[in-house]
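For reference, the chains in residue letters:
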Amino acid sequence: MVDDNTPVNDRNAVELTMMSDVVIDYEKEHYPIGKPTVAQLIQLSLDEKKMSQKQLATVIGVSPSRISDYVSGRAEPTLKIARMLCATLGITPAAMLGY
């Protein structure tokens, strides 16, 4: 009933917009999406790049067990390591710092 060619003032398009707004507001209130943790950022980036923890450890010059600590949330990277993680994995510094 509504497609890309439907005028924005069409009755169906207006109704769709209103219902979409209601759904968005509901989801924000009942199912908020929090900011990812450092561990989640690292794991997601590893998955996206199809890179293993061992490969990442080699690239940034730390032990594989240290990467495991970061991914599991047992440890937080130092600023120096965080900078290398951002550069290697393509994570923005703002995301790494939780902004």
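This is a predicted model, so every value here is computed, not measured. (Residues numbered from 1 in each chain as written. Predicted model: local features only at pLDDT ≥ 70, side-chain atom pairs only at ≥ 80, totals over all residues. Heavy atoms only, no water.)

S.K.: Would you take a moment to explain the overall build of the protein chain for this structure?
M.R.: Helix and strand counts for the protein chain stand at 6 helices and 0 strands. Helices and strands appear in the protein chain in the N-to-C order α-α-α-α-α-α. Taking 99 residues into account, the globule formula puts the C-alpha radius of gyration at 13 Å, and the protein chain, at 21 Å, lies well above it. With respect to the three principal axes, the spread of C-alpha positions in the protein chain is 60 × 30 × 20 Å. (Helix = DSSP H or I, 4+ residues; strand = E, 2+ residues; numbered from the N terminus. Rg over C-alpha atoms; globule rule 2.2 N^0.38 Å.)

S.K.: Help me understand unusual backbone geometry in this model?
M.R.: Negative phi characterises most residues that are not glycine, and trans characterises most peptide bonds. Even without a glycine there, the phi angle at Lys 50 is positive, about 50°. Its place among the elements puts Lys 50 in the loop between helix 2 (38-49) and helix 3 (53-60). Its relative accessible area of 73% is what places Lys 50 among the exposed residues. (Buried < 20%, exposed > 50% of the residue type's maximum accessible area, 1.4 Å probe, protein only.)

S.K.: Which parts of the structure should I look at to understand the nonpolar core?
M.R.: Note on soluble globular proteins: their nonpolar side chains tend to be buried together. If you look at the biggest cluster of nonpolar residues, it comprises 18 residues, and the most contacted ones within it are Ile 42, Leu 56, Ile 67, Tyr 70, Leu 85, Leu 89 and Met 96. Elements represented by at least two residues in this core include exactly helix 2, helix 3, helix 4 (64-72) and helix 5 (79-89). Considering each element in turn, this core owes the most residues, 5 residues, to helix 5. (Core = buried A, V, L, I, M, F, W, Y, C linked by side-chain atoms within 4.5 Å.)

S.K.: I tried to follow the environment of Leu 16 on my own but got confused; where do I start?
M.R.: One can find Leu 16 in helix 1 (residues 11-30). Considered as a pair, Leu 16 and Ser 63 are 47 residues apart in the sequence and their alpha carbons are 53 Å apart.

S.K.: Where do I start with helix 2 in this structure?
M.R.: Residues that lie three or four places apart on an α-helix share one face, since the helix turns once every 3.6 residues. The terminal C-alpha atoms of helix 2, which comprises 12 residues, lie 16 Å apart, in line with the 16 Å expected from a rise of 1.5 Å per residue. Buried residues belonging to helix 2 abut helix 3, helix 4, helix 5 and helix 6 (93-96). Just downstream of helix 2, Lys 50 is the residue with a positive phi angle, here 50°. (Expected span 1.5 Å × (residues − 1). Contact = heavy atoms within 4.5 Å.)

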